[in-house]
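Architecture and fold: a report
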Amino acid sequence: ARKAGVTEGAIYRHFPGKDDLLQESYERIAAKLLEEKADLLERGGSFESLLRGWIRITLSFYDRNSAAFSYLLLRPPYPYGDGTGNLAIQQDMLVFELIRRGQCQRVVRNESAQIQRVMLDGLLVNIPRQIQMGQLKGNAMHYYGIVVDAAERLLMVNKGSQSLDERYPYPF
């Protein structure tokens, strides 16, 4: 309140509680992340450069804003009763656009974009999660090269010769 130049009472008239204030702050920070990703897609380029930029933006965002990242991205994706569901939907739409561009450039496997999104999200979210749990050391950008390599192998045609269905056949 002091840094903002207002009284504590004024803040609590606008925000019912501390959690509401944090949520609003974290949502504003996350909106900046989505804006960076949308700007990346708008600039265009090869899928490989877009994917690398996407990973860099995500991991560096965690390093700069680990509390906001944890609050918004390491919890269930569509919580009820708050506005973070809209941010999760926007994030999903941007990921689908990233994957679609790679498929249009014929460098991303022509498989389920939903499965590809889930796998890419898993790669990106689990590095920060493991850092927070103490299982990995250092900052998230330390793992940039490993994540890029894994994401390219997972998504890109020339990085692996078989489709996901061929590599991991459904057992039934």
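Residues numbered from 1 in each chain as written. Predicted model: local features only at pLDDT ≥ 70, side-chain atom pairs only at ≥ 80, totals over all residues. Heavy atoms only, no water.

With respect to the overall build of the protein chain
Secondary structure summary: the protein chain contains eight helices and zero strands in total. Counted from the first residue to the last, the protein chain has its helices and strands arranged as α-α-α-α-α-α-α-α. With 172 residues in all, the protein chain has 37% of them scored as buried. Long-range contacts, defined as pairs at least 24 residues apart, comprise 66% of the intrachain contacts of the protein chain with a sequence gap of at least 6. Per element, the accessible surface of the protein chain, about 10,400 Å² overall, is 54% carbon and sulfur. (Helix = DSSP H or I, 4+ residues; strand = E, 2+ residues; numbered from the N terminus. Buried < 20%, exposed > 50% of the residue type's maximum accessible area, 1.4 Å probe, protein only. Contact = heavy atoms within 4.5 Å. Areas by Shrake-Rupley, 256 points an atom, 1.4 Å probe, with all protein chains shown as cover.)

What about the packing of helix 3 (residues 47-64) against helix 6 (residues 113-132)?
Remark: helix 3 packs on helix 6, axes separated minimally by 11 Å, with the N-to-C direction vectors making an angle of 25°. In terms of their interaxial angle, helix 3 and helix 6 are classed as roughly parallel. Helix 3 and helix 6 meet at a crossing whose hand is right-handed. Contacts from Leu51, Trp54, Ile55, Thr58, Leu59 and Tyr62 in helix 3 reach Leu120, Leu124, Ile127, Pro128, Ile131 and Gln132 in helix 6. Partitioning the contact of helix 3 with helix 6 into residue classes produces 10 nonpolar, two polar and no charged. (Axes fitted to C-alpha atoms, helices over the stretch in contact; angles between N-to-C directions. Parallel < 35°, antiparallel > 145°, perpendicular 65-115°, else oblique. Left-handed = near helix turned anticlockwise from the far one by under 90°. Nonpolar A, V, L, I, M, F, W, Y, C, P; charged D, E, K, R; others polar.)

Thoughts on the confidence of the model for the protein chain
Per-residue pLDDT for the protein chain averages 80, and the proportion of residues at 70 or more is 71%. Ranking the elements of the protein chain by mean pLDDT puts helix 8 (residues 164-167) last with 51 and helix 3 first with 95. (pLDDT = per-residue confidence, 0-100.)

Digging into helix 6
Between its first and last C-alpha, helix 6 extends 29 Å over 20 residues, near the 28 Å set by a 1.5 Å rise per residue. In the structure, helix 6 departs most strongly from a straight axis at Asn126, where the bend amounts to approximately 30° and where the proline Pro128 lies between one and four residues downstream. Looking at helix 6, one finds that the buried residues are Gln116, Arg117, Leu120, Asp121, Leu124, Val125, Ile127, Pro128 and Ile131. Gly134, located one to two residues past helix 6, shows a positive phi value of around 85°. (Expected span 1.5 Å × (residues − 1). Bend = angle between axes of the 7 residues up to and from the residue.)

Side note on the environment of Val147
Mapped onto the elements of the fold, Val147 is located in helix 7 (residues 144-155). Residue classification places Val147 among the buried positions, given a relative accessible area of 4%. In contact with Val147, not counting residues within four places along its chain, are Ile55, Leu59, Leu124 and Ile127.

Details of helix 3
Look at helix 3: 25 Å from first C-alpha to last across 18 residues, which is about the 26 Å you get at 1.5 Å a residue. Burial in helix 3 covers these residues: Phe47, Leu50, Leu51, Gly53, Trp54, Ile55, Ile57, Thr58, Leu59, Ser60, Phe61 and Tyr62.

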